[in-house]
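A look at the structure
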Amino acid sequence: MAYAIDLFCGAGGMSEGLIQAGFHILFSSDINSDVQRTYMNRHKQLGLHQGVNTHFHRGDIRELNGDMIREAIQNLEIFRGQDIPEIDAIFGGPPCQGFSRAGRRDPNDPRNMLFREYLRVISEVRPKYVVLENVTGFTDTRFYGFVGVTGHQYEDGELVPDILRNEFRLIGYQTLEPRILNAAHYGVPQRRNRIIVMAYRNDKVAPVYPEAIYNDENALTITDAISDLIRDENVRNQVHADNTEYQISSRVGRTPDINGNPINSNGDIHNNEISTHQQIISERFALFREGEDGARLKKRVMSEGIDIANSPALIAHCVEKMGIDEQAVIELFRAGNVSKEDADILLTKKNIRTRLDRTRPSATVMTIADDYISPFEPRTFTVRELARMQSFDDSFEFLGKRTTGGLRRRVEVPQYSQVGNAVPPLLARAIATEIMRVLEV
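Residues numbered from 1 in each chain as written. Predicted model: local features only at pLDDT ≥ 70, side-chain atom pairs only at ≥ 80, totals over all residues. Heavy atoms only, no water.

Next up on the list: the side chain of D88. Summarising the element assignment, D88 is placed in the loop between α3 (66-74) and β4 (89-92). The exposure class assigned to D88 is buried, which follows from its relative accessible area of 6%. A polar side-chain atom of D88 sits 2.7 Å from the main-chain amide nitrogen of Y3. Apart from residues no more than four positions distant in its own chain, D88 is found in contact with M1, A2, Y3, F23, P127, K128, Y129 and L439. (Helix = DSSP H or I, 4+ residues; strand = E, 2+ residues; numbered from the N terminus. Buried < 20%, exposed > 50% of the residue type's maximum accessible area, 1.4 Å probe, protein only. Polar contact = N/O pair within 3.5 Å; in protein donor to acceptor, adjacent residues only side chain to side chain. Contact = heavy atoms within 4.5 Å.)

This paragraph deals with the layout of surface pockets. Put simply, the second largest pocket is a space of about 390 Å³. Taken together, 19 residues form the lining of the second largest pocket, with Y186, G187, I213, L426 and R429 sitting closest to its centre. Listing elements by their share of the lining of the second largest pocket, those giving two or more residues are α8 (245-252) and α16 (425-439). A total of six residues in the lining of the second largest pocket trace back to one element, the largest contributor, which is α16. Classifying every residue of the lining of the second largest pocket gives eight nonpolar, four polar and seven charged. (1 Å grid on protein atoms, 1.4 Å probe; cavity = no way out; pocket = protein on both sides within 12 Å on 5 of 7 lines; lining within 4 Å. Points joined across faces, edges and corners; volume = space filled by probe spheres on them. Nonpolar A, V, L, I, M, F, W, Y, C, P; charged D, E, K, R; others polar.)

So, about the packing of aromatic side chains. We describe a pair of aromatic rings using the distance from one ring centre to the other and the angle between the two ring planes. Per the counting criterion, the structure on display carries 13 aromatic pairs. An angle of 75° between the planes, with centres 5.5 Å apart, marks the rings of F23 and F91 as edge-to-face. Here F23 is found in strand β2 (residues 23-30), whereas its partner F91 is found in strand β4, with 68 residues between them in sequence. Under the relative-accessibility criterion, F23 is labelled buried at 4%. F91 gets classed as buried once you look at its relative accessible area, which sits at 0%. Within the aromatic cluster, the residues linked to one another by ring pairs are F115, F138, F143, F146 and Y154. Taking NZ or CZ as reference, R116 lies 5.2 Å from the ring centre of F146, over its face. (Phe/Tyr/Trp six-rings, centres within 6.5 Å; stacked < 30°, edge-to-face > 60°. Lys NZ or Arg CZ within 6 Å of the ring centre and 35° of its normal.)

This part takes up the pattern of salt bridges. In the structure shown here, the tally under the stated rule is 28 salt bridges. A salt bridge links D394 to R388; the nearest nitrogen and oxygen atoms lie 2.8 Å apart. For D394, a relative accessible area of 0% corresponds to the buried category. For R388, a relative accessible area of 0% puts it in the buried group. Connected via shared salt-bridge partners are E16, R42, R254 and D393. (Salt bridge = Lys/Arg side-chain N within 4 Å of Asp/Glu carboxyl O.)

Now the structure itself:
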């Protein structure tokens, strides 16, 4: 049996992949109570029970240490009266906001320091292997005033990968060169690039990064992932024939329980509630061509024109804002040569939405659902559809609020965020399988 620890585990995407690869997760940790509910519910479903054969710790990693982890594992019923095993691997992805290219990057962001805390726990537990996962912005981030686990003071502006490599060396580990892996190359129907760092203790055999099993031409598509979830019967009949192999695997289950049996969803589709859009919003969504974002749609409206004759809510809105009658509105937009001001009335000034292309993998699944439109229907995606595109089993249920907003987003992690923040299980499985391979040498 191979034993693992999953830190910053979130709702459990990494853990799903570890279990699929054959690891038994003895200890996992995250700071948030929303993800704790989802994570522990799933692990109970898999036969991993708190205090019996696994331990989940909710708290700040800065308060976690090797002795606490060893004590929690020693107190598990499965190890009662015997020595606890050596930990084979620690997996984790310290929160990425400080490294992300998607938002404002702050070299002094305190979340960057969680990277050091991850290394500290590794130095105290001393597993055989380590995997660190993060966003690609990690590769060109620089730290200022960074002091390492052993007290080493780094020069201001030093690159994080160089710091990481040296930190591992100082605590007795060697590292492979960090590599960017695209989840779509490992059976995930989503273009999601993540930086992966694999490290191994000085007395262990070096692992290798997993070989891609798909390429950009034959990667699984949105249709492969979710065509069976289309609500409009007419659309579904046009698109959906037999269930794809991916859809069948999602329903039957890829993650085995403690007895080695996958959990079949038995046709129950959790977390599949559709957002209720106002008619005018649905009509705007319908104007997008597949693969088109808001900026390109606006450019097309202004140059080529667009037919809105079957969009009564949009017509009424334009009549009110532009002071002309319905037929004049229809003819104006159909003819093209529309001013930017008129295009903004029709579409609003928000240009960040994109209607995804059914013939390609999904774009990177985000924590907010509003920015992507389904290629099949004029609406945003459900939590389950995004979970499919992340490669979660259908039997995996996300708990808590479906979504949230405003200041609550600082403390709440609703279902959409739980999905968007997760490591795709099939990517995690590919990486964990390579660690299993060298453990068996």
